[in-house]
Number of protein chains: 2
Amino acid sequence: MAQNVGGGSLLIAWQLKDKNVLIVGGGEVASQRIESILTTDAHITVLAPANGLHHRVKEFIDLYPTRITYYDRRFSGPDELRDMNMVLTALDDVDRSREICEMCGKDKVPVNAADIPDLCDFYFGAQIRDGPLQIMISTNGNGPRMAALMKKKVLSALSGREGEAIEKVGGLRARLKERAPGVGGALGRKRMKWMSEVCNVWEVEDLTQLDDALIAKLLDEGWDKDCVPTLDQLKGQPRPRSQKESSESYAWLLATGSFTLGAICATVIFLSRPR
Amino acid sequence: MAQNVGGGSLLIAWQLKDKNVLIVGGGEVASQRIESILTTDAHITVLAPANGLHHRVKEFIDLYPTRITYYDRRFSGPDELRDMNMVLTALDDVDRSREICEMCGKDKVPVNAADIPDLCDFYFGAQIRDGPLQIMISTNGNGPRMAALMKKKVLSALSGREGEAIEKVGGLRARLKERAPGVGGALGRKRMKWMSEVCNVWEVEDLTQLDDALIAKLLDEGWDKDCVPTLDQLKGQPRPRSQKESSESYAWLLATGSFTLGAICATVIFLSRPR
């Protein structure tokens, strides 16, 4: 318990639906900030002189006209913060960034200033997104390179179908609630327990196959009978061989093949001997 | 680019050093909230009647007397929010939670209300921590069970030495800055590029071995000579065979062994024939 206490950040999923985010600056970092905020449903305002816009910032402004409002000018003062729920500065001018952060502090508007960690209410990190699944990796200021390395490691553990699996499980939960309606209580706990068991027993790949017909079958054969059948049991099919099994049978094939070949060679040599 | 736009949260690393966090409630969820905030350096205030305290909440209060201030009473009104930088409610009383959230909204204090997602400025998610490395997994409200499953997957990709590696890389960066001091400019870019290459070339396990002597050697043989030697080059050792190489040599051994055995068997049979 004492381990990993103190010294860390609080990693959270900030909600920005129908909120306003101000991005001050139009360079490469600003383009990364725009990309981050586009993940959410926030409305984005970008303040930056047109002559310094990074090509990716221009692309985003063109691609998402309903999501981004762009003003070809610099940050003018505290009035810019009106109705803003979050501010991100991406300026080369550290002093100006510092001033904007101070204004945000007075107005209690959460702010991130690129490259000035001591002024930030929050940091960004390496991000992974697959539909409803979002993963963030932070090294707590120990450089983006190590965060990128960790992201590669995390990605190697994912098949890329996890988001789909999570959506399908959401569908299963909705259908279960139709079949066994009601909020909380013993039934609520039983539903939760059964859903947990499904998620434990079924692999991610299995979960992605949960279409309407299979969901109905799982509820009939599982929920109604108070058990959790596997995908193969539902489909009445034996499980395909695992990788370990295939590699074992490959070794067996190789050994018997080589043995036979050796025997044949020796036989040919003996038979072709002059007698 | 259009993929994964909208519908998501903004995953961020919130900074709580020297900030005040108020936790309203003392049940099991409150104990989880205390645990989350203990990760940071925030000061925690807990408001909850003593007769309803979860045993883990009691444990935390006893274990961390300098980090947690506990009051044996309920939330009394807006004055409780004075000097608070974040509020977490963990109450069974949904109406009271809603009132507290409204007060927080007026005061612009970020708030999370357990089990009332529409009132939350932010959500929690499954967390992994290994020293400076922090990872958060959010399923955007699709249930903690899938988040736990994803956490297991992510953990399977980590050796548990990543935090140590990140710390060692931090040490290397600090020593490099001593050897090649200065902020920004061409030297700054060169330093950043060299550090990136080290992180690309060296495995996590290699990076954990970076003690003072090895850091000095890496700077002498690498930075000073404008290259990035591998750990084995620095140590003057050949690299151990990779798993692929060993599995290839295993197959070769198996095939030749079986071939020889087959040949021997056939020879023995031929030689033992009556002539």
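Predicted model only: the values in this text are computed from it and were never measured.

Some remarks on the UniProt feature "transmembrane region" (unreviewed entry) in chain A
- With numbering matched to this structure, UniProt assigns "transmembrane region" (unreviewed entry) to residues 250-271 of chain A.
- Taken end to end, residues 250-271 of chain A comprises 100% helix and 0% strand; its first and last C-alpha atoms sit 31 Å apart.

Quick look at the state of the cysteines
All names here are of chain B.
- Applying the stated rule across the entire model yields zero disulfides over all chains.
- Counting only cysteine sulfurs, Cys101 is the nearest neighbor of Cys120, a cysteine outside any disulfide, at a range of 6.5 Å.
- Accessibility expressed as a relative area gives 9% for Cys120, which makes it buried.

Notes on the sheet that holds strand E1 (residues 10-14) of chain A
- Read from one edge to the other, the open sheet built from four strands follows the order E7(A)-E1(B)-E1(A)-E7(B), with strand pairing classed as antiparallel. The sheet is open, and its two borders are formed by strand E7 (122-123) of chain A together with strand E7 (122-123) of chain B, each paired with just one other strand.
- Examined bridge by bridge, E1(A) and E7(B) share two bridges and lie antiparallel to one another. Its bridge partner lying in E7(B), Trp14(A) is registered against Phe122(B).

Observations regarding the interface of chain B and chain A
- Contacts between the two partners involve 88 residues from chain B and, on the opposite side, 88 residues from chain A.
- Each partner contributes to the roughly 7700 Å² buried at the junction of chain B and chain A, and carbon and sulfur atoms together form 62% of this total.
- Our count for the contact surface shared by chain B and chain A stands at two salt bridges.
- In this structure, Glu162(B) engages Lys153(A) in a salt bridge whose closest nitrogen and oxygen atoms are separated by 3.5 Å.
- Here the side of chain B that touches chain A takes 14 residues from helix H10 (residues 243-271) of chain B, the largest share from any one element.

Re the pairing of strand E5 (residues 86-89) of chain A
Residues and elements named next belong to chain A.
- Residues of E5 alternate between two faces, with Met86 and Leu88 on one and Val87 and Thr89 on the opposite face, all of them buried.
- Bridge count for strand E2 (residues 20-24) against E5 is four bridges, and the pairing is parallel. Among the inter-strand pairings, Leu22 is bridged to a residue of E5, identified as Val87.
- Pairing geometry for E5 and strand E6 (residues 111-113), over three bridges, is parallel. Across the sheet, the residue bridging to Thr89 is Ala113, located in E6.

As for the relation of the copies chain B and chain A
- Turning chain B through 178° and shifting it by 0.5 Å along the axis lays it on chain A, with an RMSD of 1.4 Å. The symmetry that links the two subunits is that of a two-fold axis. Residues of chain B ranked by C-alpha distance from the rotation axis are headed by Gly262(B), positioned 1.0 Å from it.
- Comparing interface residues between copies, 100% of those in chain B also lie at the interface in chain A; the contact surface is shared.

Re the environment of Glu80(B)
Residue and element names in this part refer to chain B.
- With respect to the helices and strands, Glu80 occurs in the loop between strand E4 (68-71) and strand E5 (86-89).
- Remark: the alpha-carbon pair of Glu80 and Ile100, spanning 20 residues in sequence, is separated by 9.9 Å.
- With near-sequence residues (within four places) excluded, Glu80 lies in contact with Leu22, Leu47, Arg73, Arg74 and Phe75.

Regarding the packing of aromatic side chains
- Summed over the entire model, instances satisfying the criterion amount to seven aromatic pairs over all chains.
- A centroid spacing of 5.7 Å and a plane angle of 70° characterise the contact between Phe122(A) and Phe124(A), whose relative ring orientation is edge-to-face.
- Of the residues examined, Phe122(A) reaches a relative accessible area of 0% and is grouped as buried.
- Among the aromatic residues, ring-to-ring pairing joins Trp14(A), Phe122(A), Phe124(A), Trp14(B), Phe122(B) and Phe124(B) into one connected group.
- The ring of Tyr71(A) has Arg73(A) lying over it, and the distance from NZ or CZ to the ring centre is 5.1 Å.
- Taking the ring centre of Trp223(A) as reference, the NZ or CZ of Lys190(A) above it sits at 4.6 Å.

Some points on the nonpolar core
- The biggest cluster of nonpolar side chains holds 66 residues, and the ones touching the most others in it are Ile135(A), Trp194(A), Trp202(A), Ile135(B), Trp194(B) and Trp202(B).
- Core analysis: the next-biggest nonpolar cluster, separate from the first, contains 50 residues, Ile23(A), Ile34(A), Ile37(A) and Leu53(A) among them.

A short note on a negative patch on the surface
- A cluster of acidic residues, Asp92(A), Asp93(A), Asp95(A) and Asp115(A), forms a negative patch at the surface.
- Tracing the backbone shows Asp115(A) in the loop between E6 and E7.

Here we look at helix H8 (residues 212-223) of chain A
- The end-to-end C-alpha distance of H8(A) is 15 Å, a good match for the 16 Å that 12 residues give at a rise of 1.5 Å each.
- Buried residues along H8(A) sit in contact with helix H5 (162-179), helix H6 (185-201) and helix H9 (231-235) of chain A.

Focus on unusual backbone geometry
Residue and element names in this part refer to chain A.
- Of note, Asp18 is a non-glycine position whose phi angle comes to about 60°, a positive value.
- Relative to the helices and strands, Asp18 resides in the loop between E1 and E2.
- Residue classification places Asp18 among the exposed residues on the basis of a relative accessible area of 67%.

Focus: the pattern of salt bridges
Residues and elements named next belong to chain A.
- Considering all chains together, one arrives at 26 salt bridges over all chains under this definition.
- Taking the shortest distance from any N to any O, the salt bridge between Arg82 and Asp79 comes out at 3.6 Å.
- On the accessibility criterion, Arg82 (58% relative accessible area) is exposed.
- By relative accessible area, which is 57% here, Asp79 ends up exposed.

Thresholds, definitions, all that
Residues numbered from 1 in each chain as written. Chains lettered and ligands numbered in written order. Predicted model: local features only at pLDDT ≥ 70, side-chain atom pairs only at ≥ 80, totals over all residues. Heavy atoms only, no water. UniProt positions renumbered as here; feature names shortened; annotations may be inferred. Helix = DSSP H or I, 4+ residues; strand = E, 2+ residues; numbered from the N terminus. Disulfide = S-S within 2.5 Å. Buried < 20%, exposed > 50% of the residue type's maximum accessible area, 1.4 Å probe, protein only. Pairing = 2+ DSSP bridges. Contact = heavy atoms within 4.5 Å. Buried area = accessible area lost by both parts, 1.4 Å probe. Salt bridge = Lys/Arg side-chain N within 4 Å of Asp/Glu carboxyl O. Least-squares fit on C-alpha atoms with pLDDT ≥ 70 in both. Phe/Tyr/Trp six-rings, centres within 6.5 Å; stacked < 30°, edge-to-face > 60°. Lys NZ or Arg CZ within 6 Å of the ring centre and 35° of its normal. Core = buried A, V, L, I, M, F, W, Y, C linked by side-chain atoms within 4.5 Å. Patch = residues over 30% accessible without salt bridge, like charges linked within 9 Å, V, L, I, M, F, W, Y side chains within 5 Å. Areas by Shrake-Rupley, 256 points an atom, 1.4 Å probe, with all protein chains shown as cover. Lys, Arg positive; Asp, Glu negative; His and termini not counted. Charge placed at Lys NZ, Arg CZ, Asp CG, Glu CD. Expected span 1.5 Å × (residues − 1).

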